[in-house]
Amino acid sequence: MNLQEHKKDILAISSLLIIVTAITLLLLNIDLKVGVYYVRDVFFYLNNALFYAGYDTGLANTRGLSPLIPMITSIFFRMGFISDGTIIIVSSVFYIFSALGMYFLLRLRFDEVLSFTGSMILSTFPLIIVWVTKGMLDIPGLCFSIWSVYFMLLAFRKNTKYFYIAFPLVALGFFTRFTVVLMIPVLLIQFFMVKKPITYIKENLKDILIGVGFGALVFAIFIGIYQYLNIGMFFLSQGQDISASTHAVIDTTYNNIFYYKDNFLIYMGANHFIPYSLKPGAFNISQMQWIGGHPSRISYLFLTILIVGAIIYLTKLFSSQNREIMKNKKNKICLAIFIVGTAIFVLTFIKISIIFSIIIISLALLALYRGLYETDMDDFPLDFIMIYWFVVNLSFFTYHHIKVDRYFIPMFPAIVYYIILSLALIFDKLKSIRYMDKIKVIAPIALICIILLCTGIYAMGNSPHTFDNQMHPNFESAASEEKAVGEWLVNHDPQYMNKTIWADRGGDMSFILKMQIESYEKQSNETNFTDEMVKNNVDYFIAKDNKTIKEPFTKIYQNGEVYLYSNKNK
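Just so you know, the residues in each chain are numbered from 1, in the order the chain's sequence is written. With pLDDT at 70 or above as the cut-off, local features in this predicted model cover only qualifying residues; side-chain atom pairs require 80 or more to be listed or tallied, and sums for whole chains, interfaces and linings still use all residues. For side-chain calculations, the full set of non-hydrogen atoms in the structure is used, while hydrogens and water are omitted.

Remarks on helix α2 (residues 42-52)
Then, in step 1: Only protein chains enter the calculation, and the probe is 1.4 Å; a residue is then buried if its accessible area is under 20% of its type maximum, exposed if over 50%, and partly exposed in between. Working definition: helices are DSSP H or I runs of at least four residues, strands are E runs of at least two. Numbering for both runs from the N terminus. Burial within α2 is extensive, with 10 of its 11 residues counted as buried.
Then, in step 2: Those residues of α2 not exposed but buried are V42, F43, Y45, L46, N47, N48, A49, L50, F51 and Y52.
Then, in step 3: Contacts are assigned to residue pairs that have any heavy atoms within 4.5 Å of one another. In the core, the buried residues of α2 are packed alongside α3 (68-78), α4 (84-107), α11 (205-229) and α22 (506-513).
Then, in step 4: Remark: G54 follows α2 within two positions and exhibits a positive phi of approximately 110 degrees.

Below, the structure written as structure tokens:
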């Protein structure tokens, strides 16, 4: 490798790693103090990590959740680093690799400066920053998606032996977050994008089969682990439920197919930094929640770049020369299939299975590609792959009966790609301007500086906030109160693991006490709850605030808003 030849790449990658590592450390400094108290799903993964580390803890029905991150975390648990901070650190590492993967993905088409700019844009989107150090699976899932597409593209463009890496990455991504399975259509459609798909497959069948075999091996290893540990694969059944259902049988509360469209601008930039909230919009500090939509100027800047880029791109695509190419009979048929297929997709969306919807739109888009790929456009196949990536993910998550802002994260790579493509098209359109070569470098760097400045101001001024819009008087003490109650119980009852313990936040206390504790937050305010505890021979109940618990249970310890009740008859 000639270092001199790649010095710009080395400089860009080094700068990228330094900046995203600094962002990660800044966010870790915040979230390691707060812990995962407000992101309650993480306790499922923490308890699963304890289970993989040899502890009999957590709820058995959550052990079938996506296993890779808990398994990695369990390695550090076995080394003695048992803390919610461990999974926060583990998941945050994938943020750095996501940024790096985005750089390499963009370098397939763009120069070092634009690729660096795109990776920084991805890394500083508000919705990304929010979830970097929460211990959730969204950023790790994004990381595997980016790298799997990158190596698949390399397999088609440079060497088919990259299939050996691409397919196992998809399998690993699937066991990181099950929605990474959406990368499979993105990977498969590339086989139909080559000039002669059947010939290509025949000529490269060996490498393709070896790649698939490696992916199947990874899949088999995880399935074997599940079978050995007698764990049900909950995430598989969850995916099956989503894919087999239609919105006709789903809670209409979430039946808003325009949810992500309505909030798109806020995901790219907000006047106030997005908190750990399910509800985007303008932030109300007194209520600790979002009450409307106020995208930032940066968000409108991105939108403007995208619109201008789209106009330039479509003008080039439908130039007089390209229109002549589109006039032949084969291309007309392809365009007709696209129009009909898209119409069927729109008319049947949320009325049929999402699997059939994705198949329909895939066939429609593939027909469009086959009708246009002979046109005079630079790297049209990569442009198509990115738009297809976006459409597949948007279709699935729009169809999904739960609309959560972080579900938009898998769509960001395509958004970033088209922002950078738009910048490249704009620069090319203005290439006759004096000093354009310098502007092409200065403008992206200036954009990055503005983004970083705003990111820092928003992050420092608004973090941390609650995930579920429930304000606690002291963010940093919320988790420590539960830990203090757990430690008190351990110190005052050495036989606590042989006792029956219930809690409002069973997931939290299961992790703290390293034993299985059921959650009864919804039931604990019912008038007969004390009678239920007596019937079930409960020894202790841990409440997150002052509950109306009656005799024979008495409060024996309190720390902040967490209370420990004991059955005095036992």
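Moving on, there is more to tell.
Describing the environment of L229
Then, in step 1: Positionally, L229 belongs in helix α11.
Then, in step 2: Take L229: its relative accessible area is 30%, and that puts it in the partly exposed class.
Then, in step 3: In this structure, the C-alpha to C-alpha distance between L229 and F51, residues 178 residues apart in sequence, is 9.9 Å.
Then, in step 4: Sequence-distant contacts of L229, that is, excluding residues within four places in its chain, are made with F51 and Y52.

A closer look at the packing of helix α18 (residues 380-399) against helix α19 (residues 412-429)
Then, in step 1: Only the stretch in contact is used when a helix axis is fitted, and all axes are lines through C-alpha atoms; the angle between N-to-C directions ranges over 0 to 180 degrees. Direction vectors running N to C along α18 and α19 enclose 140 degrees, while the axes themselves pass 8 Å from each other. With respect to each other, α18 and α19 are oriented oblique. Handedness of the crossing formed by α18 with α19: left-handed. Residue-level inspection shows L382, D383, F384, M386, I387, W389 and F390 of α18 in contact with α19, the latter providing P413, A414, I415, Y417, Y418 and L421.
Then, in step 2: Of the residues in the contact of α18 with α19, the class split is 12 nonpolar, no polar and one charged. For classification purposes, angles smaller than 35 degrees are called roughly parallel, those larger than 145 roughly antiparallel, those between 65 and 115 roughly perpendicular, and all remaining angles oblique. Should the near helix be turned counterclockwise from the far one by less than a right angle, the crossing is left-handed, whereas a clockwise turn marks it as right-handed. Residues are grouped as follows: nonpolar covers Ala, Val, Leu, Ile, Met, Phe, Trp, Tyr, Cys and Pro; charged covers Asp, Glu, Lys and Arg; every other residue, Gly included, is treated as polar.

Side note on the pattern of salt bridges
Then, in step 1: Throughout this description, the term salt bridge denotes a Lys or Arg side-chain nitrogen within 4 Å of a carboxyl oxygen of Asp or Glu. According to the stated counting rule, one finds 17 salt bridges in the structure shown.
Then, in step 2: Here K134 ties to D31 by a salt bridge, and the two come within 2.6 Å at their closest N and O atoms. Linking K134 in the loop between α6 (126-131) and α7 (138-157) with D31 in helix α1 (residues 7-34), this pair joins segments that are 103 residues apart in sequence. Each member of the pair, K134 as well as D31, is classed as buried.
Then, in step 3: In this structure, E112 and R107 form a salt bridge, with 3.5 Å as the shortest nitrogen-oxygen distance.
Then, in step 4: R107 sits in the partly exposed class, given a relative accessible area of 27%.

Here's the deal with the nonpolar core
Then, in step 1: Counting residues in each nonpolar core, the largest one holds 153 residues, and the members touching the most others are L105 and F125.
Then, in step 2: Broken down by element, the residue count for this core peaks at 14 residues, all from α7.
Then, in step 3: Residues within four places of L105 in sequence aside, it is in contact with I146, V149, Y150, L153, M386 and W389.
Then, in step 4: In this description, a nonpolar core means a group of buried Ala, Val, Leu, Ile, Met, Phe, Trp, Tyr and Cys residues linked to one another through side-chain atoms lying within 4.5 Å. The next biggest cluster of nonpolar side chains, apart from the first, holds 15 residues, and it includes V485, A503, M509 and Y540.

Re the sheet that holds strand β5 (residues 540-543)
Strand pairing in a sheet is mediated by backbone hydrogen bonds. Such pairs are either parallel or antiparallel.
Then, in step 1: Think of it this way: DSSP has to see at least two bridges between two strands before they count as a pair. If you trace the five strands from one edge of the open sheet to the other, you get β4-β3-β5-β7-β6, paired in mixed fashion. This sheet does not close on itself; its edge strands, each paired only once, are β4 (518-519) and β6 (553-559).
Then, in step 2: In terms of strand pairing, strand β3 (residues 501-503) meets β4 through two bridges, oriented parallel. Its bridge partner being in β4, W502 is matched across the sheet by E518.

Focus: the packing of aromatic side chains
Then, in step 1: Two rings from Phe, Tyr or Trp (for Trp, the six-membered ring) form a pair when their centres sit within 6.5 Å of each other. Planes less than 30 degrees apart are called stacked, planes more than 60 degrees apart edge-to-face, and all others tilted. As enumerated under the stated definition, the model contains 44 aromatic pairs in all.
Then, in step 2: Summarising the aromatic geometry, the rings of F125 and F412 are spaced 4.5 Å apart at their centres and angled 25 degrees between planes, so their arrangement reads as stacked. Within this pair, whereas F125 is found in the loop between α5 (112-124) and α6, its partner F412 is found in helix α19, the two being separated by 287 residues in sequence.
Then, in step 3: Between F345 and F349 the ring centres are 5.3 Å apart and the planes differ by 45 degrees, which places this aromatic pair in the tilted class. Of the two residues, F345 and F349, neither departs from the other in class, the shared state being buried.
Then, in step 4: Every member of this aromatic cluster is reached through a ring pair, and the members are F125, Y259, Y260, F264, Y267, F302, F408 and F412.
Then, in step 5: Think of it as a cone above the ring: NZ of Lys or CZ of Arg counts as a charge over the ring if it is within 6 Å of the ring centre and within 35 degrees of the ring normal. Here R406 stacks its cationic end above the ring of W131, 5.5 Å away from the centre of that ring.

What to know about the confidence of the model for the protein
Then, in step 1: pLDDT is a residue-level measure of predictor confidence that goes from 0 to 100. For the protein, per-residue confidence averages 84 on the pLDDT scale, and 86% of positions sit at 70 or higher.
Then, in step 2: Across residues 247-254, confidence stays below pLDDT 50; counting only partners more than four residues off in sequence or on other chains, it has 13 contacts.
Then, in step 3: Here residues 273-293 is a poorly scored stretch, pLDDT under 50, and it has 73 contacts once near neighbours within four places are set aside; other chains count.

Thoughts on helix α8 (residues 163-174)
Then, in step 1: With 12 residues, α8 extends 17 Å from end C-alpha to end C-alpha; this agrees with the ideal 16 Å at 1.5 Å per step.
Then, in step 2: Buried residues dominate α8, accounting for nine of its 12 residues.
Then, in step 3: Turning to α8, its buried residues are F163, A166, F167, P168, L169, V170, A171, G173 and F174. Every helix has an expected span of 1.5 Å times one less than the residues it contains.

What about a nonpolar patch on the surface?
Then, in step 1: A patch consists of residues exposed above 30% relative accessible area that lack any salt bridge, with like charges linked at up to 9 Å and nonpolar side chains (Val, Leu, Ile, Met, Phe, Trp, Tyr) linked at up to 5 Å. Shrake-Rupley sampling with a 1.4 Å probe provides the accessible areas, and residues are treated as covered by the protein chains on show and by no other component. Together, L32, I89, V93 and F97 make up an exposed nonpolar region whose accessible area comes to about 320 Å².
Then, in step 2: Locating V93 in the fold gives a position in helix α4.
Then, in step 3: Judged by relative accessible area, which is 36%, V93 ranks as partly exposed.

Considerations on the side chain of N48
Then, in step 1: Its place among the elements puts N48 in helix α2.
Then, in step 2: A relative accessible area of 2% places N48 in the buried class.
Then, in step 3: Those residues in contact with N48, other than ones at most four positions away along the chain, are T62, R63, L65 and P70.

Quick notes on the pairing of β5
Then, in step 1: Burial along β5 is two-sided: Y540 and I542 and F541 and A543, pointing in opposite directions, are all buried.
Then, in step 2: Relative to strand β7 (residues 562-567), β5 runs antiparallel, the two being bridged by four bridges. Bridging from a neighbouring strand, I542 pairs with L564 of β7.

Some details on the pairing of β6
Then, in step 1: As judged from the six bridges shared by β6 and β7, these two strands associate in the antiparallel manner. Note on β7: the bridge partner recorded for Y557 is L564.
Then, in step 2: The antiparallel hairpin formed by β6 and β7 contains two residues in its connecting segment, where G560 sits at a positive phi of about 65 degrees.

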